[in-house]
Amino acid sequence: MCVHQSINITTKSSSSILFYQFTQQNLPACKPVLTPSWIVTTFLLMGVIFIPIGLVTLRTSHSVIEIVERYDTECIPEKFRGNKVSYIKDSTILKNCSLYLKVPKHMKAPIYIYYQLDNYYQNHRRYVKSRNDQQLLHGLKSNDTSSCQPEDSSNGLPSVPCGLIAWSLFNDTFKFIRESSELVVNRKNIAWKSDRNHKFGKQVYPFNFQNGTFIGGGSLDPSVPLSDQEDLIVWMRTAALPSFRKMYGRIEEDLDADDVIAVHLMNNYNTYSFGGKKKLVLSTSSWLGGKNDFLGVAYVFVGSSSIIISLVFMLLHVKNPRPYGETAYLSWNR
């Protein structure tokens, strides 16, 4: 319901008589009146719209097939499980490990491969700041690497890329075997195109990287420019939450139900020092992306709440109706 009224505005002007007609105006205005019927109808309409959208979203999310396997505990030999940190830090011990994944349903290509880390705070203020974006784009031409401390240099020479984020690069590797044949993993275009083209230099190469006495994570090929080091680019986009997934690659062929996939991996990355967890994730996708029930649940919750509120207002209006119609309380109608 919308009530039209006229508002007379009088403004004194001493500069010119030409403003007289402009300052003496009758302005039409529309003021909505929130009557009970309008409120009930609005909330009821919100519920009718939101609940079906939420159900469709949930159905789409449940159509995504995921295989999630934690491997950080299983890939520690029995004799080292009492001291996992010493095992992962011992470079003389091979860290190879095998997992077997059973495909629950037919998975249509492309199948996305992620590694998931839990209890890993990439959002820590000191960690997030330990990088130099100008150096990533221009290399050694950027001299100020103070923001990268304590990993700004090694053996008296600057490191490219510098900082704790690059230094702690994830370095577990995965190989997938089905029926004695290796599945090809496409590791191209796993990073954002904008990052590859505008944040990492095409003529910037790793220099003096991971050459210190304390090695953090993976190494980089010094003959490949940073714009093509997509593992690094994915890792450098820090996560907002302590549990996150990052893309490792894609399998470009379908997997059938009940297929058994042997995964040969190298368990190199140290999450044992801080109680972190490592998981391997294989997932299909939908038009909404990966598996995530939050959006659908939110739509259903808001829609259900709106219907409940509309019913409450309806009962209150039936119990205590306006005495002389819906416009009885409007002052200009008295």
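Everything quoted here is computed from the prediction, not taken from an experiment. (Residues numbered from 1 in each chain as written. Predicted model: local features only at pLDDT ≥ 70, side-chain atom pairs only at ≥ 80, totals over all residues. Heavy atoms only, no water.)

> Describe in detail the overall build of the protein, supporting the description with residues and values.
Assigned secondary structure in the protein consists of 9 helices and 13 strands. A buried classification covers 36% of the 334 residues belonging to the protein. Here the protein has roughly 20100 Å² of accessible surface; of this, 58% comes from carbon and sulfur atoms. (Helix = DSSP H or I, 4+ residues; strand = E, 2+ residues; numbered from the N terminus. Buried < 20%, exposed > 50% of the residue type's maximum accessible area, 1.4 Å probe, protein only. Areas by Shrake-Rupley, 256 points an atom, 1.4 Å probe, with all protein chains shown as cover.)

> So what's going on with helix α9 (residues 294-319)? Which residues, and what values?
Over its 26 residues, α9 extends 37 Å from the first C-alpha to the last, a length consistent with the 38 Å expected when each residue adds 1.5 Å. Burial in α9 covers these residues: G296, G303, S306 and S310. On its buried side, α9 packs onto α2 (36-62). (Expected span 1.5 Å × (residues − 1). Contact = heavy atoms within 4.5 Å.)

> How would you explain the sheet that holds strand β11 (residues 244-251) if you had to name every residue and give the values?
For sheets, the rule is that strands pair by backbone hydrogen bonds, running either parallel or antiparallel. Spatially, the 5 strands line up as an open sheet ordered β3-β13-β5-β11-β10, and their pairing is antiparallel. The outermost strands of the open sheet, each flanked by one partner alone, are β3 (66-70) and β10 (185-186). Where β10 and β11 come together, 2 bridges link them in antiparallel fashion. Paired with V185 across the bridge in β11 is I251. (Pairing = 2+ DSSP bridges.)

> Mind laying out the pattern of salt bridges, listing which residues take part and the relevant values?
Side chains carrying opposite charge are able to pair once their charged atoms draw close together. Under the defined criterion, the tally for this structure stands at 13 salt bridges. Between D195 and R237 there is a salt bridge whose closest N-O contact spans 2.9 Å. Remark: R237 occurs in the loop between α8 (230-236) and β11 and D195 occurs in helix α7 (residues 193-198); sequence separation between them is 42 residues. Salt bridges sharing common partners tie together R178, E253 and D259. (Salt bridge = Lys/Arg side-chain N within 4 Å of Asp/Glu carboxyl O.)

> How would you explain the packing of aromatic side chains if you had to name every residue and give the values?
Enumeration over the complete set of coordinates arrives at 17 aromatic pairs. Taken together, Y115, Y120, Y127, F170, W235, F244, Y269 and F274 form an aromatic cluster joined through their ring pairs. Across from the ring centre of Y248, 3.7 Å away, lies the NZ or CZ of R187, which sits over that ring. (Phe/Tyr/Trp six-rings, centres within 6.5 Å; stacked < 30°, edge-to-face > 60°. Lys NZ or Arg CZ within 6 Å of the ring centre and 35° of its normal.)

> Tell me about the layout of surface pockets, and please be specific about residues and values.
Of the pockets and cavities examined, the largest pocket occupies roughly 850 Å³. Along the wall of the largest pocket there are 28 residues; nearest its centre are I215, G216, G217, Y269 and N270. Going through the elements one at a time, α3 (84-89) and α6 (164-167) are the ones with two or more residues in the lining of the largest pocket. Of the residues in the lining of the largest pocket, the class split is 13 nonpolar, 12 polar and 3 charged. The calculated volume of the second largest pocket comes to roughly 330 Å³. R187, E230, D231, L232 and Y248 are the residues nearest the centre of the second largest pocket, which is lined by 19 residues in total. Here the lining of the second largest pocket takes 3 residues from α8, the largest share from any one element. A per-class count over the lining of the second largest pocket returns 8 nonpolar, 5 polar and 6 charged. (1 Å grid on protein atoms, 1.4 Å probe; cavity = no way out; pocket = protein on both sides within 12 Å on 5 of 7 lines; lining within 4 Å. Points joined across faces, edges and corners; volume = space filled by probe spheres on them. Nonpolar A, V, L, I, M, F, W, Y, C, P; charged D, E, K, R; others polar.)

> Lay out the side chain of Q135 with the relevant residues and their values.
Here Q135 lies in helix α5 (residues 133-138). Q135 gets classed as buried once you look at its relative accessible area, which sits at 1%. Once residues lying within four places of it in the same chain are set aside, the contact partners of Q135 are S142, T145, S159, V160, P161, C162 and V204.

> Run through the side chain of D172, naming residues and quoting values.
Among the structural elements, D172 can be located in the loop between α6 and β8 (173-178). Look at D172 and you get buried, because its relative accessible area is 3%. Polar contacts involving the side chain of D172 include one to the main-chain amide nitrogen of Y269, which spans 2.6 Å. Looking at D172, its side chain comes within polar contact range of the side chain of K278, at 2.9 Å. With near-sequence residues (within four places) excluded, D172 lies in contact with Y71, Y248, M266, N267, N268, Y269 and K278. (Polar contact = N/O pair within 3.5 Å; in protein donor to acceptor, adjacent residues only side chain to side chain.)

> Hey, could you go over the environment of L220 for me, with residue numbers and the actual values?
Its place among the elements puts L220 in the loop between α7 and α8. Judged by its relative accessible area of 13%, L220 is buried. Each C-alpha atom of the pair L220 and Y205 lies 9.2 Å from the other, and the pair is 15 residues apart in sequence. Beyond its immediate sequence surroundings of up to four residues, L220 is in contact with P161, L169, P206, F209, L226, Q229 and L232.

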